Each structure stands twice: as structure tokens, then as C-alpha cells.
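# Commentary on secondary and tertiary structure
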Amino acid sequence: MCGIVGAVAQRNIVPVLIEGLRRLEYRGYDSCGVAVVTSEGPARVRSVSRVAELDEQARESHFEGVTGIAHTRWATHGAPTVNNAHPIFSRNALAIVHNGIIENYEALREALRAKGYEFVSQTDTEVIAHLIHSLYKGDLFSAVREAVQQLAGAYAIGVVHKDQPHTVVGARAGSPLVVGLGSGENFLASDALAIAGSASHVVYLEEGDVCELTLEGVRIAERGGSEVQREAREVLAYGGTVELGPYRHYMQKEIFEQPGAIGNTIPATDTFEPELFGANAREVFKGIDSILILACGTSYYAGVTAKYWLESVAKIRTEVEIASEYRYRESVPNPRALVVTISQSGETADTLAALKHAQSLGMEHTLAVCNVATSHMVRLTELNFLTHAGREIGVASTKAFTTQLVGLFILAVTLGKLRGHVSAEQEAQYLKLLRHLPAALNGVLALEPQIIAWADEFARKENALFLGRGLHYPIALEGALKLKEISYIHAEAYPAGELKHGPLALVTEAMPVVTVAPNDALLEKLKSNMQEVRARGGELYVFADADTHITSEDGIHVIRMPEHYGLLSPILHVVPLQLLAYHTACARGTDVDKPRNLAKSVTVE
Ligand code: HGA
């Protein structure tokens, strides 16, 4: 979500700030802006267009400065207008950028209005600006430390004040923020990616930290107020912009990268050993009696798929819960459960909060399935499995999902083996299946031309139903989510057996019904459900394994998948659904990589 960049330097820092925004833009793109400190007060350029436009605006107006802050916004409070774009000012003296939500902003706004502050934006952020301004007595670091004590909710902020032209102050609670150390210049960012290259080392701020960046160095105060030293880590070099190559969008590229990403994620071992998840995983796994998976969105569907694997292969009781629900409900904690959190970025606010909630309830055994080794989630959990999907730019997740599935399948087999439910022969078979997966995926990707033909029809629809059963029900859910996210067509998914309990009422000739049809034990049941749809005039679009012998006929369109791929079949079956959503969105002309109202890496609640 919102991206933050800040810098104090002795050179014009605007190009560095804008480059940082460019790298973070895919996370939030409602608006963007940069402010620099001048002796008359902060100056800013803002835009509701893209960072490229902001860059042009800055160049044309010779917008320059040695100290500044910058932001890309994903609006939570107030429309995506220029007026609500960050940096937000207070009385022409102070500027702030903010990622997060201030929950007590209404009460604070009233108190600040009573003190004579005028509010010119609809953002919650503006209360922080005025609050810090009201507490400023010549030292921005102190004013911010005092101000954050009054804030409820989540924030990562960067602040500058006209009277301290070589200082940037940052603070975080609930939203990520890192400090970057350069030579004779220092940086602030919501992700190290933004400042890699300019900063050689980064310091990950902890919850409640406030930092002060000057030309001379960095000071950090922890929540209690005392100054602390935090470990500085080397920043990996920025890999440069990810080239699109022959693809039209990053999403398409990332769909086609799945064989490679999965190949990179499968560990090069001949056996499934707990140590794949951490040095002490064997001991942890031996002590657990159940699993609790916490995740959001697509990662949640990876979790739902994993439940089928964990219960059937490892015979371990598994619950899956949407993180934003779990964190706020009264639940019965089980200290012997392994809490598994799933997140591409490892910064998903709801999942992090759910993890901390589980830990606060005494559930100490935790494992993250995550794509970012340096993320907050990986640092907070006892064990982890890193997916090696590479950077995912498209907001709609594809390769992150399938690599998460690989990690979760490996977890199921590892636990199954440890618990005596997976024989050496089965283990070898599962490994073979995994190793062959990239090649099998290439076979599915070759179906793209047939899917494009379907997409042209889907582009004219306003609704769609997705059906799956068993292991493929979560795949139907993911297919419907992909279609909604990028083509804006209303789509719902049901376990096919549930159709007659309600959604069948929606089926008419106008309703396309996408059916995931693997050749598994539920095939005959699924075929009956398909007949129920046909009997009501519904048009079926079936992705059927070749060995199901389901053939095209009137009202039934079939794309043949390779033959049934056993327990790993969901990883193959989701790919044509990604392609269907992608090509439908292209046919409708939407902004596929940056769908409306969404953003990557959901760091607000
Ligand atoms: N609440 C602020 C910042 C939003 C944000 O952090 N999005 O990721 C706003 O609406 O401007």
C-alpha cells in the first residue's frame, strides 16, 4: 500500500525520492507527491496521475531540494484527489507523509480545531500534521515522540519542518518503515527496495520506534522513550526495473513465470525433512497437535487448499481463518497448535496483527509462508518457508499463490512423514510429482490461445459462477477472485454440491458457469452438478482433465487439461483461471496490473 520515501542529503534529492516512488508505485497509485524543505516552508508537487507524470511536473518546475519526503497513496480517508494527496502540510511549516489509518482522528480533529487549526483535506493524516505542529517547540524529534503517544491505529510517517532544514523524522507502529544509511546522507522508506542503491545499509524499525535522520547520522528512540541501537543490515542491490519482455502486462509475465518460480521454490533435497522450515522445526513439529492457518485474500485460498492436504496427507486437524476476522473474535487458543501465516509480502497488516494476536494468546509455535526473507512476518515467526517467486508486480497475485501452494504441500508431506502417514515410497512419488510440476505447467500455459477465445465471450458478461469440489473448491474461489479483481465482472464460487442450496436460482442462459473438473474421486458427482446447470439453460465452461472424457456439446464448452495430476492438480487448474481473468480484463480494456481501488502489499487494516 502507500509508499513512503524520505531523505536528507547535500545534493538535490528529488530524483532519488521520485525513483523510490517509481519502485513502490505498484503498491498504491491513487496519487503521489513530493515535498522538500525550503526556508519559506515546505514546497510540494502532487499528482493524481502516475509517478511518471509527477516526475515530469518536478522537472518542468525545476523542483529541487536537499531534504524531502515523498508518497504514493492508496486512499483510505478522503477521495483520491490532489487536495488529499500527501505530503500534507500544517500551517506551511511542516509536511508529513503517512501510511496507515488513525482511528481516533475525529476526536483529535475536534481538539485541534478548538486550538485554531484549519483542516483542508479529508485525510486522517492531516490530524497528525497539526498535532505535531501544535507540539513543536524547536525539536521535531521530541514533537513527534510526544505526538505519537496520542495516536490510535496504525502509522508509518515521515515528517519535515521548515526550521530544521536538514532533518527528517520518522515513526512507525503497525506499518513498516526502514531507515537507510548512506554516505553523508540518510533515508527513510516503507520498503528497502525504494532506497536500495542510495543506501548501503538499512535498519528495520521496531513497533513504536521514532527516528531522526540528519546529515550526521540517525537516532532511534523506542516506544518507552530511551534511545536504542538497532542492527544495520546490508541492502541487496536493486535488481532494476523488471522488464516486461514480450508480455503485455506484468500479470501475464508472472503467469508465465510460474514454472520457473515453482522450480526455484522446490528445495533441492531428496527427502522432506522438517529442517526445510528452520533449524528447530523437528522439535516444534513433534510437539504440535493441530494447525491454524491465518491469511487474507488469495493467500487465504492457498490456506484453504492446504487444509485438504494437511488433513488427508498429514492427518493433522487444520483450521483456516481469515486473519481480519480471527484477530477480533474470541477464540479458544491451543498452545499446541502450529500457527501458519501466509503472505506474499510478509507485511500484510491484518495477517501480522492476527499472528501477534495468536502469540498473545500463548500460541508460540508459528510458521510463515512468505516471499520476502527480510519481512516483518518472517522476523516474527519461529519457522518459515520462503517461496522464491521473485518480485510480483501485478496487483492480482499469481506466481506468489502457486509457490505458496508448493510450500504448503511440502509442509503437509513433511508433517505426514514425521507423523508416520507417508511411506518412503509415497515420499518419493510426491517428490517426483513436484519435480515434474514445472513441465506440467508449461503444458497448461500452452492452452492460452483457446482461453483467449473464451475470454472474448466473458468480456461481454456481467456475472459468472465458478464451481469446484474438494481440493478444487478453493481453486474455484481463486478463479472468481481473479476475475473480479481485474475485469470487474461480478463472480462467485461455490463447491458444486452447494449449487442446489441457493445459487442455482441465479443460473439462466446469461450466466456462464466455469467448472473446474479434475479426474478425481468427485468427478461423477461433479458431472451431475453440471447437468443441473444445463437443465436450467446455464452455459458451462469446463476445464476438464483429458482423462475425464467430458466433451464439448451444446451449452458445454470444454478446454482439455493434461491428465489428472493427483494431489498437486490444484496448482495446474488455477493457471487457466488466471489466464481467463487476464484475457477477459484485456478484452475489457482495464488497467490489469493496477486494478481500480486495489494495491499490492496491504499494509493497512
Ligand atoms: N489514511 C491515509 C493513508 C492511507 C494509506 O496508508 N494507504 O496505504 C490516507 O487515506 O491518505
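Residues numbered from 1 in each chain as written. Predicted model: local features only at pLDDT ≥ 70, side-chain atom pairs only at ≥ 80, totals over all residues. Heavy atoms only, no water.

Helix and strand counts for the chain stand at 18 helices and 25 strands. Against the compact-globule benchmark of 25 Å for 605 residues, the chain has a radius of gyration of 25 Å, which places it among compact chains. The principal-axis extents of the C-alpha atoms in the chain amount to approximately 75 × 55 × 45 Å. The buried share among the 605 residues of the chain stands at 60%. (Helix = DSSP H or I, 4+ residues; strand = E, 2+ residues; numbered from the N terminus. Rg over C-alpha atoms; globule rule 2.2 N^0.38 Å. Buried < 20%, exposed > 50% of the residue type's maximum accessible area, 1.4 Å probe, protein only.)

We now examine the nonpolar core. Phe 285, Val 340, Leu 437 and Phe 466 are the most contacted members of the largest nonpolar core, which has 89 residues in total. Ranked by residues supplied to this core, first place goes to helix H18 (residues 569-588) with 11 residues. Residues Ala 192, Leu 193, Tyr 250 and Ile 393 belong to the second largest nonpolar core, which totals 35 residues. (Core = buried A, V, L, I, M, F, W, Y, C linked by side-chain atoms within 4.5 Å.)

Our next topic: the sheet that holds strand E20 (residues 383-386). Spatially, E17-E16-E18-E19-E20 is the arrangement adopted by the five strands of the open sheet, whose pairing is parallel. Of all the strands in the sheet, just strand E17 (317-322) and E20 have a single pairing partner and so form its edges. Here the average twist between neighbouring strands, direction ignored, is 20°. In this structure, strand E19 (residues 366-370) lies alongside E20, joined through four bridges in parallel fashion. Residue pairing in the sheet places Cys 370 in a bridge with Leu 386 of E20. Across the sheet, helix H9 (residues 297-313) lies against strand E16 (290-295), E17 and strand E18 (337-343), angled at about 170° from E17, the strand it touches most. (Pairing = 2+ DSSP bridges. Axes fitted to C-alpha atoms, helices over the stretch in contact; angles between N-to-C directions. Contact = heavy atoms within 4.5 Å.)

It helps to recall that an α-helix has 3.6 residues per turn; residues three or four apart then point in one direction. The terminal C-alpha atoms of helix H11 (residues 349-360), which comprises 12 residues, lie 16 Å apart, in line with the 16 Å expected from a rise of 1.5 Å per residue. Those residues of H11 that fall on the buried side of the exposure criterion are Ala 349, Asp 350, Thr 351, Leu 352, Ala 353, Ala 354, Leu 355 and Ala 358. Immediately downstream of H11, the backbone of Gly 362 shows phi near 95°, a positive value. (Expected span 1.5 Å × (residues − 1).)

Further remarks concern the side chain of Lys 399. Within the element layout of this structure, Lys 399 appears in helix H13 (residues 399-418). When sequence neighbours within four positions are dropped, the list of residues in contact with Lys 399 reads Glu 254, Glu 257, Gln 258, Ala 261, Ala 389, Gly 390, Arg 391 and Glu 392.

Let's shift gears to the UniProt feature "domain: SIS" (unreviewed entry) in the chain. Per the UniProt record, "domain: SIS" (unreviewed entry) is annotated on residues 281-421 and 454-595. In the segment residues 281-421, helix accounts for 46% and strand for 20%; the C-alpha atoms at its two ends are 18 Å apart. In this annotation, residues 454-595 is assigned 37% helix and 22% strand; the end-to-end C-alpha distance for the span is 21 Å. (UniProt positions renumbered as here; feature names shortened; annotations may be inferred.)

As a further point, take the UniProt feature "domain: Glutamine amidotransferase type-2" (unreviewed entry) in the chain. Under the UniProt annotation, the feature "domain: Glutamine amidotransferase type-2" (unreviewed entry) is placed at residues 2-216. Measuring from the first to the last C-alpha atom of residues 2-216 gives 28 Å, for a span that is 24% helix and 33% strand.

To continue, consider the site of the ligand. Every one of the 15 residues lining the ligand counts as a neighbour, but Cys 2, Arg 73, Trp 74, Thr 76 and Gly 100 are closest to it. Within the backbone of Trp 74, one N or O atom sits 2.7 Å away from a nitrogen atom of the ligand. Here Thr 76 contributes a side-chain N or O atom positioned 2.7 Å from a nitrogen atom of the ligand. Calculation on the ligand without its partners gives an accessible area of 310 Å², and the protein chains cover 100% of this total. The cavity where the ligand resides is the largest cavity. (Near = heavy atom within 4 Å. Polar contact = N/O pair within 3.5 Å; in protein donor to acceptor, adjacent residues only side chain to side chain. Areas by Shrake-Rupley, 256 points an atom, 1.4 Å probe, with all protein chains shown as cover. 1 Å grid on protein atoms, 1.4 Å probe; cavity = no way out; pocket = protein on both sides within 12 Å on 5 of 7 lines; lining within 4 Å. Sits in = over half its atoms within 2 Å of the grid points.)

Before going further, it helps to spend a moment on the pattern of salt bridges. Applying the stated rule across the entire model yields 28 salt bridges. In this structure, the salt-bridge partner of Arg 219 is Glu 227, at a minimum N-O distance of 3.0 Å. Classification of Arg 219 by relative accessible area gives partly exposed; the value is 32%. Glu 227 gets classed as partly exposed once you look at its relative accessible area, which sits at 47%. The closest approach of N and O atoms between Glu 311 and Lys 307, which form a salt bridge, is 3.9 Å. Highlighted residues: Glu 311 and Lys 307, both in helix H9, separated by four residues, approximately one helical turn. By relative accessible area, which is 33% here, Glu 311 ends up partly exposed. Classification of Lys 307 by relative accessible area gives partly exposed; the value is 30%. Taken together, the shared-partner salt bridges connect Glu 19, Arg 22, Arg 23, Asp 55 and Arg 59 into one network. (Salt bridge = Lys/Arg side-chain N within 4 Å of Asp/Glu carboxyl O.)

With that out of the way, let us pick up the layout of surface pockets. Space inside the largest pocket adds up to approximately 950 Å³. Considering the residues around the largest pocket, the lining is formed by 42 residues, among which Asp 191, Leu 193, Leu 236, Val 372 and Thr 374 are closest to the centre. Among the elements of the structure, strand E11 (201-204), strand E15 (232-234) and helix H12 (376-380) are those that each provide at least two residues to the lining of the largest pocket. Residue classes in the lining of the largest pocket are distributed as 18 nonpolar, 14 polar and 10 charged. (Points joined across faces, edges and corners; volume = space filled by probe spheres on them. Nonpolar A, V, L, I, M, F, W, Y, C, P; charged D, E, K, R; others polar.)

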